[in-house]
Amino acid sequence: MKIMKFGGTSVGKPERMYQVKDLVTTGDEPTIVVLSALSGTTNALVGIGDALSAGDKSLAKHRIDELHAHYKQFCSELFRSDMAMKEGEKIIQEHFEFLAILLKISFNDAISKDILAQGELLSTKLFYTLLQELQIDAVFLPALDYMSIDEYSEPELPKIREKLSALLAKYPEKKLFVTQGYICKNHRNEVDNLKRGGSDYTASLIGAAISASVVEIWTDIDGMHNNDPRIVDKTRPIAHLSFDEAAELAYFGAKILHPASIWPAQQFNIPVKLLNTMQPEALGTTITANVQERGGVKALAAKDGITAIKIKSSRMLLAYGFLRKVFDVFEKYRTSIDMITTSEVAISLTIDDISHLEEIKLELDKFGTVEIDHNMAIICIVGNLIMEQQGVLQDIMGSLSEIPLRMVSYGGSKHNVSVLVDAAYKNQALQSLNEGLFDF
Ligand code: ADP
Ligand code: ASP
Ligand code: MG
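About the cut-offs
- Counting restarts for each chain: residues are numbered from 1 in the order of the written sequence.
- Chains carry letters and ligands carry numbers; both start at the beginning, A for chains and 1 for ligands, and go up in the order they are written.
- Only residues with pLDDT of at least 70 get local features here, since the model is predicted, and only at 80 or more are side-chain atom pairs given and counted; chain-wide, interface and lining totals rely on the full set of residues.
- Only hydrogens and water are set aside; all other atoms, that is, all heavy atoms of the structure, feed into the side-chain values.
- Numbered from the N terminus, helices here are DSSP runs of H or I no shorter than four residues, and strands are runs of E no shorter than two.
- We compute the radius of gyration over the C-alpha atoms and compare it with the globule rule, which gives 2.2 Å times the number of residues raised to the power 0.38.
- Between buried and exposed lies partly exposed: a residue is buried under 20% and exposed over 50% of the maximum accessible area for its type, with that area taken using a 1.4 Å probe on protein chains only.
- Throughout, a contact is declared for two residues whenever any of their heavy atoms are within 4.5 Å.
- In short, Shrake-Rupley with a 1.4 Å probe defines the accessible areas, and a residue's cover is counted only from the protein chains shown.
- All tallies of charge rest on Lys and Arg as positive and Asp and Glu as negative; His and the ends of each chain are not included.
- In this description, the location of a charge corresponds to atom NZ of lysine, CZ of arginine, CG of aspartate or CD of glutamate.
- Just to be clear on terms, a salt bridge is a Lys or Arg side-chain nitrogen sitting within 4 Å of an Asp or Glu carboxyl oxygen.
- We call two strands paired when DSSP finds no fewer than two bridges between them.
- Angles here are taken between N-to-C directions and fall from 0 to 180 degrees, while the axes themselves are lines fitted to C-alpha atoms, restricted in helices to the stretch in contact.
- If even one non-hydrogen atom of a residue comes within 4 Å of a molecule or strand, that residue is called near it.
- Here a polar contact is taken to be a pair of N or O atoms separated by no more than 3.5 Å, where protein atoms must pair a possible hydrogen donor with a possible acceptor and residues adjacent in sequence count only if both atoms sit in side chains.
- All residues other than Ala, Val, Leu, Ile, Met, Phe, Trp, Tyr, Cys, Pro, Asp, Glu, Lys and Arg, Gly among them, are scored as polar; the first ten of these are nonpolar and the last four charged.
- Here the angle decides the label: under 35 degrees means roughly parallel, over 145 means roughly antiparallel, 65 to 115 means roughly perpendicular, and every other value means oblique.
- Helix crossings are classified by the rotation of the near helix relative to the far one: an anticlockwise turn of less than a right angle makes the crossing left-handed, while a clockwise turn makes it right-handed.

Enquirer: Tell me about the overall build of the chain, and please be specific about residues and values.
Expert: Along the backbone of the chain there are 14 helices and 16 strands. For a compact globule of 440 residues, the expected C-alpha radius of gyration is about 22 Å, and the chain comes in at 24 Å, within 12% of that figure. Seen along its three principal axes, the alpha-carbon backbone of the chain occupies a region of about 75 × 50 × 40 Å. Buried residues in the chain amount to 52% of all 440 residues. Put simply, 76% of the contacts in the chain that link residues at least 6 apart link residues at least 24 apart. For the chain, the exposed area adds up to about 20,300 Å²; of that, 50% sits on carbon and sulfur atoms. One finds the centroid of the 45 positive side-chain charges in the chain at a distance of 2 Å from the centroid of its 58 negative side-chain charges.

Rendered as structure tokens:
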């Protein structure tokens, strides 16, 4: 069985949904199709939730009406038969009535998650109706029946496997299944989600849960590029990446993949392919365990919204156990650390989740002087055995000679060098590294 996930732009126009239909009906292998919301929908739903949480019901209503009109238009262009058109209108009516009810009740976090779920519920129902209209046999698999996260928002893979396998076992003869990306149930059995961009994560989790032959992520670009195409003028797709390289790039900002979407596939050694819905014949990127290739820098990514924390203490001098005490503070507040550098009297580290920063700072103050810098960006340089390549570090530093570096991390793995810069220098750093490290 294979997994084919389609992102927002791949389903964002009626004609694209027809392209998706063509792609999922070629080939004989049973397929689970994972769909995101139509492009722009989740952002619009975030806007509705924001207006409601600010108590601005008239703005929320205006945003709901705008989105409703968009869906009515979409539906009128998608279906050809009266029956399918009626069914489509019914689906849209049902979901927008639900949103209208929320205008009348008091807002809370659980409701905001319910709002966000509407996008994937709508896209999958409309696509499933299209398949029915075209008499393509398929099964609708509601993600809320099998996808779940625990109290720490971590997916519960064994439970997901058990529930999904039981659902699939009901349809041994069926070849095509349609399900929602992104949405799930949480430990309170409320509707929740896998965070923005989470449909990739859904696809990889499903792949791992059922030991799929491949997880295909279909999007609007021909694979993982060597640099962020939204920022840098010249980029090119990379044919092969290892799981480690792809995970690193995803985690450090390559938007094409959700940050956590590689580990489930990696754990079960399932190849992941990044493919272009608009150009299906393009090679794309294949991500597997081992990539037998020469060394060298393959790609860059950048993650902003980073906070750097420096703890300076003379007590660190010749002392042991100091790092443990510092790390214990971060563990206590479940805050993960991305980069670390140390000197004999100071530690610098970075975090991206600052929800417990105040408490963390109070505890760190006991160890020494604490300095905090917000608005930093990590630039992550990934490649195959780059540490063994002569001159790579020199090329990196040479390219960044005009940019003040706050931290450098080298030697943590053979595949990665990371630098921390003020976010204001992020674009310049990506552009200069592109010129210094790649031949175009
Ligand atoms: P989808 O809606 O299909 O999930 P996304 O917008 O989440 O698509 O991801 C695809 C986008 O990621 C591309 O259009 C591109 O602008 C952006 N992107 C950022 N970094 C990279 C990269 N290194 N390689 C390819 N795409 C990237
Ligand atoms: N629709 C969700 C989002 O926009 C999930 C996804 O597209 O992967 O974040
Ligand atoms: Mg995405």
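Enquirer: Which residues make up the pattern of salt bridges, and what values go with them?
Expert: Per the stated rule, a full pass over the model turns up 20 salt bridges. A salt bridge links R406 to D373; the shortest N-O distance between them is 3.1 Å. Of the two residues, R406 is situated in the loop between helix 13 (392–399) and strand 15 (407–413) and D373 in strand 14 (residues 369–384); the sequence distance between them amounts to 33 residues. Among the residues examined, R406 registers a relative accessible area of 23% and is labelled partly exposed. For D373, a relative accessible area of 29% translates into the label partly exposed. Counted as one network, the salt bridges with shared partners bring together D109, K113 and D192.

Enquirer: Which residues make up the sheet that holds strand 11 (residues 296–312), and what are the values?
Expert: Ordered in space as 12-13-11-14-16-15, the six strands form an open sheet in which the pairing is antiparallel. Each edge of the open sheet is held by one strand with a lone partner, namely strand 12 (337–342) and strand 15. Mean inter-strand twist for the sheet, computed between neighbouring axes without regard to direction, equals 30 degrees. The pairing of strand 12 with strand 13 (residues 346–351) spans four bridges and is antiparallel.

Enquirer: So what's going on with the site of ligand 2? Which residues, and what values?
Expert: In the vicinity of ligand 2, the contacting residues are S36, A37, T42, E120, Y182, R196, G197, G198 and S199. S36 places a side-chain nitrogen or oxygen 3.3 Å from an oxygen atom of ligand 2. Separating a nitrogen atom of ligand 2 from a side-chain N or O atom of E120 is a distance of 2.7 Å. By residue class, the composition of the shell around ligand 2 is two nonpolar, five polar and two charged.

Enquirer: Provide a residue-level description of the site of ligand 1, including the pertinent values.
Expert: The environment of ligand 1 is made up of 16 residues, and the closest members are K5, T219, D220, H225 and K255. Separating an oxygen atom of ligand 1 from a side-chain N or O atom of D220 is a distance of 2.8 Å. H225 is positioned such that a nitrogen or oxygen atom in its backbone is 2.8 Å from a nitrogen atom of ligand 1. Looking at the shell around ligand 1, its residues break down into five nonpolar, six polar and five charged.

Enquirer: If you had to explain the packing of helix 3 (residues 41–53) against helix 4 (residues 57–78) to someone new, which residues and values would you point to?
Expert: Interhelical geometry of helix 3 versus helix 4 gives an angle of 160 degrees and a closest axis separation of 7 Å. The orientation of helix 3 relative to helix 4 falls into the category roughly antiparallel. Of the two elements, helix 3 crosses helix 4, and the hand of that crossing is left-handed. Residues T41, A44, L45, G47, I48, A51 and L52 of helix 3 pack against K57, L59, A60, R63, I64, L67 and Y71 of helix 4. Its residues assigned to classes, the contact of helix 3 with helix 4 shows ten nonpolar, two polar and two charged.

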